[in-house]
Amino acid sequence: MPLNFEDIEIGGEFGPMDKVVSSKDVEEFTRIQHENRTTPGFFTDAEAAHREGLPGKIVPGPICMAFMAQLLVAWSDGGWIRKLDVVFRQTVPHDMPLRVVGVVTDKYRVDDKGHVECDIYVESTEGDRLVGGQAIVVLPL
């Protein structure tokens, strides 16, 4: 059943959506994204990551953003994402259990559509916020 704008409450939480990004997932993503790249980068090579001052191989930002968008679309059930701004607070390592969660921060009407502002996070299972964002989701009234 589609999400009803009138039933949304400010402060309401949604999610969680649990994910794990494996090294194989990252290798496939970077292979597609950087089709002509001949040397592995810090996303897939631990030594390259250490040379860049990183603790190890990391998950590319677009994968985390895709998880955030996936949660927003699933939660809104018929809505669409108008805006998604993301801040990468910490690196996200491979093979780490992740949780994507959101909270409604505001809602208002614009031109016969409901706009819902949300904070959305990719967290470790211990609750450390690795990636944070703000989104506007548009819902029909």
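Let me begin by describing the structure that accompanies this report. (Residues numbered from 1 in each chain as written. Predicted model: local features only at pLDDT ≥ 70, side-chain atom pairs only at ≥ 80, totals over all residues. Heavy atoms only, no water.)

## Brief notes about the overall build of the protein chain
Line of reasoning, step 1. Within the protein chain, the regular secondary structure consists of three helices and five strands.
Line of reasoning, step 2. For the protein chain, the N- to C-terminal ordering of α and β elements is β-α-α-α-β-β-β-β.
Line of reasoning, step 3. Principal-axis analysis of the C-alpha atoms places the extent of the protein chain at approximately 50 × 35 × 25 Å.
Line of reasoning, step 4. Every one of the 141 residues in the protein chain was classed for burial, and the buried ones make up 39%.
Line of reasoning, step 5. The contacts in the protein chain between residues at least 6 apart in sequence include a share of 66% that link residues at least 24 apart.
Line of reasoning, step 6. About 8200 Å² of surface is accessible on the protein chain, with carbon and sulfur atoms providing 49% of the total.
Line of reasoning, step 7. For the protein chain, the separation between the mean place of its 14 positive charges and that of its 23 negative charges on side chains is 3 Å. (Helix = DSSP H or I, 4+ residues; strand = E, 2+ residues; numbered from the N terminus. Buried < 20%, exposed > 50% of the residue type's maximum accessible area, 1.4 Å probe, protein only. Contact = heavy atoms within 4.5 Å. Areas by Shrake-Rupley, 256 points an atom, 1.4 Å probe, with all protein chains shown as cover. Lys, Arg positive; Asp, Glu negative; His and termini not counted. Charge placed at Lys NZ, Arg CZ, Asp CG, Glu CD.)

## A look at the packing of aromatic side chains
Line of reasoning, step 1. What the rule picks out here adds up to two aromatic pairs.
Line of reasoning, step 2. Here the aromatic rings of Phe42 and Phe43 are separated by 4.7 Å at their centres, their planes lie at 50°, and the arrangement is tilted.
Line of reasoning, step 3. If you follow Arg129 out to its NZ or CZ, it ends over the ring of Tyr121, 3.6 Å from the centre. (Phe/Tyr/Trp six-rings, centres within 6.5 Å; stacked < 30°, edge-to-face > 60°. Lys NZ or Arg CZ within 6 Å of the ring centre and 35° of its normal.)

## Quick word on the pairing of strand 4 (residues 113-124)
Line of reasoning, step 1. Burial analysis of strand 4 places 10 of its 12 residues in the buried class, which makes it a mostly covered element.
Line of reasoning, step 2. Pairing analysis gives 12 bridges linking strand 3 (residues 97-110) to strand 4, with the strands arranged antiparallel. Note on strand 4: the bridge partner recorded for Val100 is Val122.
Line of reasoning, step 3. A loop of two residues connects strand 3 with strand 4, the two strands running antiparallel in sequence, and Asp111 in this loop sits at a positive phi of about 50°.
Line of reasoning, step 4. Pairing of strand 4 with strand 5 (residues 129-140) involves 11 bridges; the strand directions are antiparallel. Residue pairing in the sheet places Val116 in a bridge with Val137 of strand 5.
Line of reasoning, step 5. Hairpin geometry of strand 4 and strand 5 is characterised by an intervening segment of four residues between the two adjacent antiparallel strands and by a positive phi of about 95° at Gly127. (Pairing = 2+ DSSP bridges.)

## Observations regarding the environment of Val92
Line of reasoning, step 1. By the element assignment, Val92 lies in the loop between strand 2 (80-88) and strand 3.
Line of reasoning, step 2. Between the alpha carbons of Val92 and Glu27 there is a distance of 15 Å; along the sequence they are 65 residues apart.
Line of reasoning, step 3. If we skip the residues at most four places from it in the chain, Val92 touches Lys57, Ile58, Val59, Cys64, Leu98, Leu130 and Val131.

## Considerations on the sheet that holds strand 2
Line of reasoning, step 1. The sheet built from five strands is open, its strands ordered 1-3-4-5-2 with antiparallel pairing. Of all the strands in the sheet, just strand 1 (13-20) and strand 2 have a single pairing partner and so form its edges. Sheet twist, expressed as the mean angle between neighbouring strand axes with direction ignored, is 20°.
Line of reasoning, step 2. Lying on the sheet, helix 3 (residues 61-76) is in contact with strand 1, strand 2, strand 3, strand 4 and strand 5; it crosses strand 2 at an angle near 145°. (Axes fitted to C-alpha atoms, helices over the stretch in contact; angles between N-to-C directions.)

Nothing here speaks to function; it is geometry throughout.
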